[in-house]
Amino acid sequence: MLYCGCIIFIKDGNFEAVKEEIYKYKEISLFTKSDDNKMIVATIEAESDKEIEKIINELKQNEYIIDISPHYLHFEEEVERLIKTGEKPDLTGFSKSERRKITNG
């Protein structure tokens, strides 16, 4: 299981609409928001980086979301599996070059 901590940047005056959209995803937990309601701190929990990427890209389609910035990743079971078996998780989506392909399309 992967956990991704993100900041979600919101267009002014649209916090409630974005919050309702986020609540549609069982994989997302909201933790706090800025005093001006322009940023939300949230985590996304998924089985792979591809699933996290899919959720982020879906949310970015919302007209009130300016951007989503992943700030940390926690690899939980992947670290335990690596220690026990030597099996490395597929983290290709986390490299800078892969992110550039997505954003520069």
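Each value, and the rule that gives it
Residues numbered from 1 in each chain as written. Predicted model: local features only at pLDDT ≥ 70, side-chain atom pairs only at ≥ 80, totals over all residues. Heavy atoms only, no water. Core = buried A, V, L, I, M, F, W, Y, C linked by side-chain atoms within 4.5 Å. Buried < 20%, exposed > 50% of the residue type's maximum accessible area, 1.4 Å probe, protein only. Helix = DSSP H or I, 4+ residues; strand = E, 2+ residues; numbered from the N terminus. Contact = heavy atoms within 4.5 Å. Salt bridge = Lys/Arg side-chain N within 4 Å of Asp/Glu carboxyl O. Pairing = 2+ DSSP bridges. Axes fitted to C-alpha atoms, helices over the stretch in contact; angles between N-to-C directions.

> Hey, could you run me through the nonpolar core in this one?
The tendency in soluble globular proteins is for nonpolar side chains to be buried as a group. Core analysis: the biggest nonpolar cluster contains 20 residues, and Ile-8, Ile-28, Ile-40, Ile-44 and Leu-59 have the highest contact counts within it. Among the secondary structure elements, those contributing two or more residues to this core are β1 (2–10), α1 (15–22), β3 (39–46), α2 (49–60) and β4 (65–74). Counting residues per element, this core draws most heavily on β1, which supplies five residues. When near neighbours in sequence (up to four residues on either side) are disregarded, Leu-59 contacts Glu-21, Ile-22, Tyr-25, Ile-28, Ile-65 and Ile-68.

> Can you help me understand the pattern of salt bridges in this one?
Proximity of charged atoms lets side chains of opposite charge pair with each other. Applying the stated criterion across every chain, the model contains five salt bridges. Lys-60 is paired through a salt bridge with Asp-67; the nearest N and O atoms lie 3.5 Å apart.

> It is not clear to me how the sheet that holds β4 should be interpreted in this structure. Could you clarify?
What the four strands build is an open sheet, ordered β2-β3-β1-β4; its pairing is antiparallel. The sheet is open, and its two borders are formed by β2 (28–33) and β4, each paired with just one other strand. Here the average twist between neighbouring strands, direction ignored, is 25°. Note: β1 against β4, eight bridges, orientation antiparallel. The residue of β4 that forms the bridge with Cys-4 is Leu-73. Of the strands in this sheet, β1, β2, β3 and β4 touch α1, which is tilted by about 155° from β2. Across the face of the sheet, α2 comes into contact with β1, β2, β3 and β4 while running at roughly 160° to β4.

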